[in-house]
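Inside the fold
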Amino acid sequence: MSFFQPLAQQPADALLALIGMFRNDPRPGKLDLGVGVFRDDAGNTPVMRSVKAAEKKLWETQDSKSYLGPEGNVAFARHMARLALGDVDLSGRLTGVQTPGGTGALRLGAELLGATKPGATVWVGTPTWPNHPPVLAAAGLKVQTYKHFDTNTQAITFDAVMDALNKAQAGDIALLHGCCHNPTGADFDLDQWKAIAELLSARGIVPFLDLAYQGLGLGMEQDAAGVRLVMDACPEAVLAYSCDKNFGVYRDRVGALIVQTAAAGDTDRISSNILALARANWSMPPDHGGAVIATLLDDATLAADWKLELDTMRDRLLGIRAALAGHGGVLGRVDQQRGMFSLLPLSPDVVKRLREDHAVYMAGSGRINVAGLSVETAGQFAKALAACL
Ligand SMILES: Cc1ncc(COP(=O)(O)O)c(C=O)c1O
């Protein structure tokens with residue numbers, strides 16, 4: 001028997017398979033609502049203008065690629081804390097490191113939580129990003145799910161959220177999407193965030209916040225409002241930040257882990273644990289993306305241009321959402337949802353017929369990436385949908 005014989009075949013990533021099928025489909029007017037990246041009206045995911053300019057500036061000024069350390073680019077991590085949390089005091093109860101993407105931040109955050117309390121329970125509303133449960137489980141955490149969203153009513157099941165968090169014990173963890181919930185687009189409103197923040201603080205539940213789409217929902221400040229409320233209310237909190245989407249640097253893998261400690265005197269000790277865990281995982285994060293974004297945000301002109309580009313991206317998503325909702329039916333509440341994704345109540349058979357009969361490609365779950373449409377093609381999609389329902 002070979003050494004690797006005990007390993008079972010793992011299922012292929014269905015979304016990656018969809019990319020190949022879409023590419024090989026010769027039909028004109030085919031629509032790709034599958035893969036979770038932003039697209040412009042031409043269907044492209046371009047490098048942002050401000051990012052290109054920052055890359056050029058970095059290329060001209062960077063004089064060494066010598067090692068940094070497990071914390072990565074410190075200026076970058078401070079920028080991420082400021083984007084997420086506003087004008088906060090970074091010398092006090094906050095500590096942060098650069099990570100390989102939001103996924104790296106989630107993994108490192110999960111390991112820190114697991115190192116503190118082995119086997120701790122994490123409460124996760126479902127449906128959620130499919131990578132959440134395996135990342136949490138890989139850190140030895142116990143995943144306890146509850147219902148976040150009802151696909152048929154297209155609304156958050158807020159009573160179920162509060163019920164679940166009321167059952168959680170002190171020292172349990174609550175994983176919460178900061179904004180632009182993946183896959184539903186259904187975000188808490190401010191009153192709901194307030195109620196959650198109060199509950200977490202009253203029950204001693206530790207928030208684990210995942211902010212991966214800031215600026216793609218309603219705006220940079222609005223999209224962080226829930227995260228800020230929770231971090232204000234709870235003494236200790238863990239925030240996984242991804243800037244792969246809002247800076248369009250997906251493959252450069254750019255993110256940060258930010259941890260809020262109960263007392264300023266705790267940060268050195270907790271930071272030393274974060275760095276030890278990072279070292280055991282990837283030694284130090286890849287530098288390029290973080291250096292580019294730090295360069296961009298350090299330059300007022302580039303930062304302003306990035307904000308303009310992000311505004312355009314967000315307006316495009318909101319415009320498509322409005323156009324879709326105008327068709328009513330299962331699309332009627334899509335304009336109440338935010339970011340790139342919505343989860344429609346479609347059976348696998350309907351998803352298959354959309355693909356085979358109408359060249360509309362989407363995840364088997366019924367998740368659509370609205371960025372794969374335009375205001376013009378929203379009607380084409382609505383018509384195809386009506387023909388399959
Ligand atoms: C909710 C959520 N969190 C985190 C991530 C991870 O992002 P990254 O590509 O930066 O690892 C994603 C990516 O799709 C996501 O949807």
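Residues numbered from 1 in each chain as written. Predicted model: local features only at pLDDT ≥ 70, side-chain atom pairs only at ≥ 80, totals over all residues.

**Side note on the overall build of the protein**
When its secondary structure is counted, the protein shows 13 helices and 13 strands. Overall, the protein is about 60 × 60 × 55 Å in size when its C-alpha atoms are taken along their principal axes. Residues counted as buried form 47% of the 389 residues belonging to the protein. (Helix = DSSP H or I, 4+ residues; strand = E, 2+ residues; numbered from the N terminus. Buried ≥ 20, exposed ≤ 12 C-beta atoms within 10 Å, placed from the backbone.)

**Side note on the nonpolar core**
Ranked by size, the top nonpolar core spans 110 residues in total, and within it Met80, Ala84, Ala174, Val230, Leu239, Tyr241 and Ile258 carry the most contacts. Counting the residues that make up this core, at least three belong to each of domain 1 (14-47 + 307-388) and domain 2 (67-298). With sequence-adjacent residues up to four places away left out, alanine 174 is seen in contact with Trp123, Leu165, Ala168, Leu200, Ile205, Pro207 and Phe208. (Core = buried A, V, L, I, M, F, W, Y, C linked by C-beta atoms within 7 Å. Domains from an automatic or database assignment. Contact = placed C-beta atoms within 7 Å.)

**Some remarks on the sheet that holds strand β4 (residues 142-147)**
Spatially, seven strands are ordered β2-β10-β9-β8-β7-β3-β4 in an open sheet, and the strand pairing comes out mixed. Of all the strands in the sheet, the pair left with one neighbour each is β2 (94-100) and β4. Each neighbouring strand pair of the sheet contributes to a mean axis angle of 20 degrees, computed without reference to strand direction. The sheet contact formed by strand β8 (residues 206-211) and strand β9 (residues 237-242) spans four bridges and is parallel. Note that in β9 the partner of leucine 209 across the bridge is leucine 239. (Pairing = 2+ DSSP bridges. Axes fitted to C-alpha atoms, helices over the stretch in contact; angles between N-to-C directions.)

**Re the environment of lysine 57**
By secondary structure assignment, the location of lysine 57 is in helix α2 (residues 49-61). Each C-alpha atom, one on lysine 57 and one on glycine 101, is 22 Å from the other, the two residues being 44 residues apart in sequence.

**Description of the site of the ligand**
Around the ligand, 13 residues are found, and the nearest of them are Gly101, Gly102, Thr103, Ser242 and Asp244. Among the elements that line the shell around the ligand, the one with the most residues is helix α4 (residues 101-116), at three residues. (Near = placed C-beta within 6 Å.)

**Topic: the pairing of strand β3 (residues 121-126)**
Examined bridge by bridge, β3 and β4 share six bridges and lie parallel to one another. Paired with tryptophan 123 across the strands is glutamine 144, a residue of β4. At this point the chain moves from β3, through helix α5 (residues 132-138), to the parallel β4, and the crossover so formed is right-handed. (Right-handed = clockwise from strand over helix to strand, strands pointing away.)

**Things to note about the domain arrangement of the protein**
Segmenting the protein into domains produces domain 1 (14-47 + 307-388) and domain 2 (67-298). Averaged C-alpha coordinates put domain 1 and domain 2 at centres separated by 27 Å. Taken together, the contact between domain 1 and domain 2 spans 20 residues of the former and 22 residues of the latter. Going through the elements one at a time, α11 (300-325) and β11 (341-343) are the ones with two or more residues in the side of domain 1 that touches domain 2. Looking at which element gives the most residues to the side of domain 1 that touches domain 2, the answer is α11, with four residues.

**Brief notes about unusual backbone geometry**
With omega at 0 degrees, the peptide bond leading from threonine 126 into proline 127 counts as cis. Relative to the helices and strands, proline 127 resides in the loop between β3 and α5. In this model, asparagine 182 is joined to proline 183 through a cis peptide bond whose omega is 20 degrees. Structurally, proline 183 can be placed in the loop between β7 (173-177) and α7 (190-203). Its identity as a non-glycine residue notwithstanding, cysteine 180 has a phi of 50 degrees, on the positive side. Under the C-beta neighbour-count criterion, cysteine 180 is labelled buried, with 27 such atoms within 10 Å. The phi dihedral of alanine 359 falls on the positive side, at around 55 degrees, and the residue is not glycine. Tracing the sequence through the fold places alanine 359 in the loop between α12 (348-358) and β12 (360-361).

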